[in-house]
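Chain residues, written in single-letter form:
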Amino acid sequence: MKSYLLLKKIDVQNANAIAGLTYGFPAITNFLGFAHALSRKLASKIDVKLGGVAVISHKNAVHARQPSGWGDYVFALTRNPLTQQGNTAPINEEGRMSLQVSILIELEGITSGDEQKKAQLIAKLRKMVPTMRLAGGQITHVQDYVALTDEENQHKELRRLMPGFALIDRRNYLSDHFTALQEIDPQATVMDAWCDFAALSYKATPIEGEVVSEEGEGKTKAQWDYQPKPYAGYLVPVASGYCAISKCYQPGAVTNVRDTSVPVTFAETAYTVGEWLSVHRLENIQRGIWHYHHHFPWYVAQGYVPEIELTQNEIPEPDLLDEADQTGFDPDFM
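Report follows, based on the coordinates. Source: prediction; values computed, not measured.

Aromatic ring pairs: the centre-centre distance and the angle between the two ring planes describe each pair. All chains considered together, the criterion is met by nine aromatic pairs. Here the aromatic rings of Phe25 and Phe31 are separated by 5.8 Å at their centres, their planes lie at 25°, and the arrangement is stacked. Judged by relative accessible area, Phe31 falls into the buried class, the value being 0%. Relative to Phe266, the ring of Tyr249 has its centre 6.2 Å away and its plane inclined at 80°; by these criteria the two rings are edge-to-face. With a gap of 17 residues between them, Tyr249 in the loop between strand E13 (235-244) and strand E14 (267-278) and Phe266 in the loop between E13 and E14 connect regions that are remote in the sequence. Relative accessible area serves as the criterion here: at 28%, Tyr249 is assigned to the partly exposed category. Residue classification places Phe266 among the partly exposed residues on the basis of a relative accessible area of 44%.

Let's shift gears to the nonpolar core. Soluble globular proteins tend to pack their nonpolar side chains together in the buried interior. Counting residues in each nonpolar core, the largest one holds 44 residues, and the members touching the most others are Leu7, Leu38 and Leu125. If you list the elements that add at least two residues to this core, you get strand E1 (3-16), helix H1 (28-43), strand E4 (49-62), strand E7 (96-108), helix H2 (115-128), strand E9 (137-148) and E13. Of the residues forming this core, the biggest block, seven residues, is contributed by H1. If sequence neighbours within four positions are ignored, Leu125 has contacts with Leu5, Leu7, Leu38, Leu42, Pro130 and Tyr145. With 16 residues, the next largest nonpolar core counts Val146, Leu158, Leu277 and Ile289 among its residues.

The subject of this paragraph is helix H5 (residues 190-198). All of the buried residues along H5 are Ala193, Trp194 and Phe197. The arc that holds the buried residues of H5, viewed along the axis, is 95°, so those residues lie on one side.

Along the chain, Ser3 turns up in strand E1. Taking relative accessible area as the criterion, Ser3 reaches 8% and is therefore assigned buried. Ignoring anything within four residues of it in the chain, the contact list for Ser3 reads Ile105, Glu106, Leu107, Ile110, Leu148, Thr149 and Gln154.

Within a regular beta strand, the side chains point alternately toward one face of the sheet and then the other, so they alternate between its two faces. The sheet contact formed by E4 and E7 spans 11 bridges and is antiparallel. Bridged to Lys59 within E7 is Gln100. Judged from the two bridges that link them, E4 and strand E10 (residues 165-169) form a sheet pairing that is antiparallel. Bridge pairing in E10 places Ser57 opposite Phe165.

Thresholds, definitions, all that
- Residues numbered from 1 in each chain as written.
- Predicted model: local features only at pLDDT ≥ 70, side-chain atom pairs only at ≥ 80, totals over all residues.
- Heavy atoms only, no water.
- Phe/Tyr/Trp six-rings, centres within 6.5 Å; stacked < 30°, edge-to-face > 60°.
- Buried < 20%, exposed > 50% of the residue type's maximum accessible area, 1.4 Å probe, protein only.
- Helix = DSSP H or I, 4+ residues; strand = E, 2+ residues; numbered from the N terminus.
- Core = buried A, V, L, I, M, F, W, Y, C linked by side-chain atoms within 4.5 Å.
- Contact = heavy atoms within 4.5 Å.
- Arc of directions from axis to C-beta.
- Pairing = 2+ DSSP bridges.

Nothing here speaks to function; it is geometry throughout.
Here is the structure:
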């Protein structure tokens, strides 16, 4: 049976509200990166290892405003620091948000009856976690740290996370919708399918007998109706990782990079579809756990989807790459 570490109700301020083309919640890679950084810090203190991550959202508020009191929202940004002349610097920060989340992390190295090691782990976490950043934001408070090593406590703690919504992987919906689109339009792309989940769509239905005034002579009034997403559920676009758009260059071959001792490749954000699922419907914790998966050119986070099992041959390769570009690429460097 798997054990888990629960960081309960973490309050974060000034977290990233934008992830590539998505908006309103940090990318899932932010939380996996946090768990990885925490695992490395713990490795030198205590013999435990952290793995995949489940994210449960309790509250979130994007720092946005309506300049005119109505209409579109814009980010409430600051421009710090000021220039030497005391003027506002001509730069804009990225969108920020405040959020409260619980993070459930796979835990290895602690058995059910090892209370002494549990206490030691919790003591280390109380010192480490507040000093770290989560999704670029500052951690201001953590309600509790709990090591869950038996099934009864795991289900009990999940119920205590109500109200809360777990982000689960729905890439199977994207795959099925893409197949359906291609039957209608053979030239449809995965991006077209993804946009049906990401965009708010409305359809105009002409109202018979209703004609616009003289200024719009010959035009008919229409009723605009919201078009639901292709599948039921609280479905959202998710930034899930990265896709390489170039070959892998040898260490030092690319100038002005952060670390010249490792290979370098240029990449773009990769996307998928997720669903916010109420915690009480998460019967299997593993259904909400996300892990990193890498197969050139993809380096993405994926959750467990029981309906599908992707193989390497089913993962599409970008058009910009050919087999010659892939030589020498070692995913262990990612």
